[in-house]
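Structure at a glance
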Amino acid sequence: AREKFESEDEKQSRLKGFNTARCIAGGKSRSFAIQSAGKLLAEEIFNKNKYDQKFIIGLNLYWAEGSKGGNFSFSNTDYRMLQFMITWVNKYLIDKRIVVIIRIPLNTSIETCKQYWSEKLKNIEFANHSVSKNTKFEYGVCSLEVRGIIGCKSFIKELMDLNAEYLENIMG
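Residues numbered from 1 in each chain as written. Predicted model: local features only at pLDDT ≥ 70, side-chain atom pairs only at ≥ 80, totals over all residues. Heavy atoms only, no water.

1. Here we look at the environment of lysine 96
The line we're drawing: Counting from the N terminus, the helices are DSSP H or I runs at least four residues long and the strands are E runs at least two residues long. Burial classification: accessible surface area is computed with a 1.4 Å probe over protein chains only, and a residue below 20% of its type maximum counts as buried, one above 50% as exposed, and the rest as partly exposed. Whether two residues are in contact is decided by their heavy atoms: any pair within 4.5 Å suffices.
Locating lysine 96 in the fold gives a position in the loop between α4 (79–92) and β2 (97–105). Residue classification places lysine 96 among the partly exposed residues on the basis of a relative accessible area of 22%. Along the primary structure lysine 96 and arginine 147 are separated by 51 residues, whereas in three dimensions their C-alpha atoms are 6.2 Å apart. Beyond its immediate stretch of four places on either side in the chain, lysine 96 contacts Asn90, Val146, Arg147, Gly148 and Ile149.

Structural data, given as structure tokens:
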């Protein structure tokens, strides 16, 4: 399925990052190499873009509202925030696949929620939905999940650590 979403150049770049991580890992486990690749990717993206205001804004929005677990996902009820993050992901994370997951309130139809979010967020793939008792928002909570980030957990952690260090330096 990966070939469907990445060009040959992107595939070679991904494999180069993986092989670089393997070399750094000194032949250690595949898992260790993948996590190293995630960290290297985060450092590369951060260092390339740290003086770009939009990059820093998006990174801090993710720090505040994004998932800190194993997936790169961002949830919100404001479509403008989600539009910004879609643009941010497409610009800075280089053609990663974004899917939408909606948590739908009990008192709203699935079709109503899907129609609302599809009108607000153009050209996005809806992965799935879930009905949630706890969602109070009229059209539910929309989550963007970014797929295809190698070593995602270490990638997120490294980005957040670099961002925190950068902000500490700015604040003095």
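Picking up where we left off.
2. Description of the confidence of the model for the protein chain
Stated precisely, the cut-off is as follows: Across the chain, each position has a pLDDT score giving the predictor's confidence in that residue, from 0 to 100.
Overall, the prediction assigns the protein chain a mean pLDDT of 80, with 78% of residues at 70 or greater. Below a pLDDT of 50 lies the segment residues 1–5, which in the model reaches 6 contacts outside its immediate sequence neighbourhood of four places, other chains included. In the model, residues 20–25 has pLDDT below 50 throughout and makes 12 contacts with residues more than four positions away in sequence or in other chains.

3. Notes on the side chain of asparagine 76
The following threshold applies: Pairs of N or O atoms within 3.5 Å make up the polar contacts considered here, provided that, within protein, one atom can donate a hydrogen while the other can accept it, and that residues adjacent in sequence are counted only when both atoms are side-chain atoms.
One can find asparagine 76 in strand β1 (residues 72–76). There is a polar contact of 3.0 Å between the side chain of asparagine 76 and the backbone nitrogen of aspartate 78. Filtering out sequence-adjacent residues up to four positions away, asparagine 76 remains in contact with Glu65, Met81, Leu82, Trp117, Val141 and Cys142.

4. Quick look at the packing of helix α3 (residues 53–65) against helix α6 (residues 152–171)
Short version of the rule: Every angle, taken between N-to-C directions, lies between 0 and 180 degrees, and every axis is a line fitted to C-alpha atoms, over only the stretch in contact when it is a helix. For a crossing to be left-handed, the near helix must be turned anticlockwise from the far one by less than a right angle; the clockwise case is right-handed. The residue classification treats Ala, Val, Leu, Ile, Met, Phe, Trp, Tyr, Cys and Pro as nonpolar and Asp, Glu, Lys and Arg as charged. All others, Gly included, are polar.
Closest axis-to-axis distance for the α3/α6 pair is 10 Å, and the angle between their directions is 115°. In terms of crossing hand, the pair formed by α3 and α6 is left-handed. Here Phe55, Ile56, Leu59, Asn60, Tyr62 and Trp63 of α3 come into contact with α6, specifically with Ile156, Leu159, Met160, Asn163, Ala164, Tyr166 and Leu167. When its residues are assigned to classes, the contact of α3 with α6 shows 11 nonpolar, 2 polar and no charged.

5. Let's talk about the nonpolar core
Put simply, the rule reads: We call a set of buried Ala, Val, Leu, Ile, Met, Phe, Trp, Tyr and Cys residues a nonpolar core when their side-chain atoms join them within 4.5 Å.
With 36 residues, the main nonpolar core has Phe46, Phe55, Phe72, Trp88, Leu93, Phe155 and Leu159 as its most contacted residues. Top contributing element to this core by residue count: α6, with 7 residues.

6. Concerning the side chain of serine 73
As for its placement among the helices and strands, serine 73 is situated in strand β1. Each residue touching serine 73, except ones within four places of it in the same chain, is listed here: Tyr62, Gly66, Ser67, Leu144 and Glu145.

7. Some details on the pattern of salt bridges
Basically, it comes down to this: The salt bridge criterion pairs a side-chain nitrogen of Lys or Arg with a carboxyl oxygen of Asp or Glu, the two atoms within 4 Å.
Applying the stated criterion across every chain yields a total of 4 salt bridges. Of the charged contacts, one joins arginine 80 and aspartate 78 as a salt bridge, the two residues approaching to 2.9 Å between their closest N and O atoms. Overall, the relative accessible area of 52% leaves arginine 80 in the exposed class. The class of aspartate 78 is partly exposed, set by a relative accessible area of 25%. Glutamate 145 is the salt-bridge partner of arginine 147, the closest N and O atoms lying 2.9 Å from each other.

8. Regarding the packing of α3 against α4
Two quantities define a packed helix pair, namely the angle between the axes and the distance from one axis to the other. Here is the rule: To sort the angles, those under 35 degrees are grouped as roughly parallel, those over 145 as roughly antiparallel, those from 65 to 115 as roughly perpendicular, and the leftovers as oblique.
Here α3 crosses α4 at 120°, and the two axes come no closer than 10 Å. It follows from the interaxial angle that α3 and α4 lie oblique. α3 and α4 meet at a crossing whose hand is left-handed. On α4, the residues that touch Lys54, Phe55, Ile57, Gly58, Leu59, Leu61 and Tyr62 of α3 are Met81, Phe84, Met85, Trp88 and Tyr92.

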